[in-house]
Amino acid sequence: MPARHVSRVRALYRRILLLHRALPPDLKALGDQYVKDEFRRHKTVGSDEAQRFLQEWEVYAAVLWQQADENRQNSTEKACFGTALPEEKLNDFRDEQIGQLQELMQEATKPNRQFSVTESRKPKL
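Residues numbered from 1 in each chain as written. Predicted model: local features only at pLDDT ≥ 70, side-chain atom pairs only at ≥ 80, totals over all residues. Heavy atoms only, no water.

Chemist: Would you mind showing me how to read the packing of aromatic side chains here?
Modeler: Aromatic ring pairs are defined here through the distance separating the ring centres and the angle between the ring planes. Enumeration according to the criterion identifies six aromatic pairs in this entry. Considering the side-chain rings of Phe39 and Phe53, the 5.0 Å spacing of their centres and the 70° angle between planes classify their relative orientation as edge-to-face. Remark: Phe53 occurs in helix H3 (residues 47-73) and Phe39 occurs in helix H2 (residues 25-41); sequence separation between them is 14 residues. For the pair shown, Phe39 and Phe53 are each scored as buried. Through a chain of ring-to-ring contacts, three or more aromatic side chains come together here, namely Tyr13, Tyr34, Phe39, Phe53, Trp57 and Tyr60. (Phe/Tyr/Trp six-rings, centres within 6.5 Å; stacked < 30°, edge-to-face > 60°. Helix = DSSP H or I, 4+ residues; strand = E, 2+ residues; numbered from the N terminus. Buried < 20%, exposed > 50% of the residue type's maximum accessible area, 1.4 Å probe, protein only.)

Below you can see the structure in the form of structure tokens.
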């Protein structure tokens, strides 16, 4: 794998984990674990899939940065993160990806999350 590609992947990975610092602690923990699992899972994929993977995560990072910035500017309102997933994108998913998405949604929306995080630092972006 070319060194430039590896460097790009590592930089994106670090940027996403830094952006997660702006999330509420339980979502940060969930997001960090999901990112780590996904990047690990895609270490050995082919060139085309790797490109698509990186493009999707770069879009995620850009959206998260924008939402974190908006939430910082509107600090009196409740923080809002996330975006709707268009049906066209869902139709492109494999069954395995749909299953992962369902598991992620269930974990993110259940009242008693498995994470016990007592961190209360201000995010630094």
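Chemist: Looking at this structure, I do not really get the environment of Leu90. What am I missing?
Modeler: Within the secondary structure, Leu90 sits in helix H4 (residues 87-92). Look at Leu90 and you get partly exposed, because its relative accessible area is 30%. Counting along the chain gives eleven residues from Leu90 to Leu101, while the straight-line C-alpha distance between them is 9.8 Å. Those residues within four positions of Leu90 in sequence are excluded, and the remaining contacts are Leu85, Ile98 and Leu101. (Contact = heavy atoms within 4.5 Å.)

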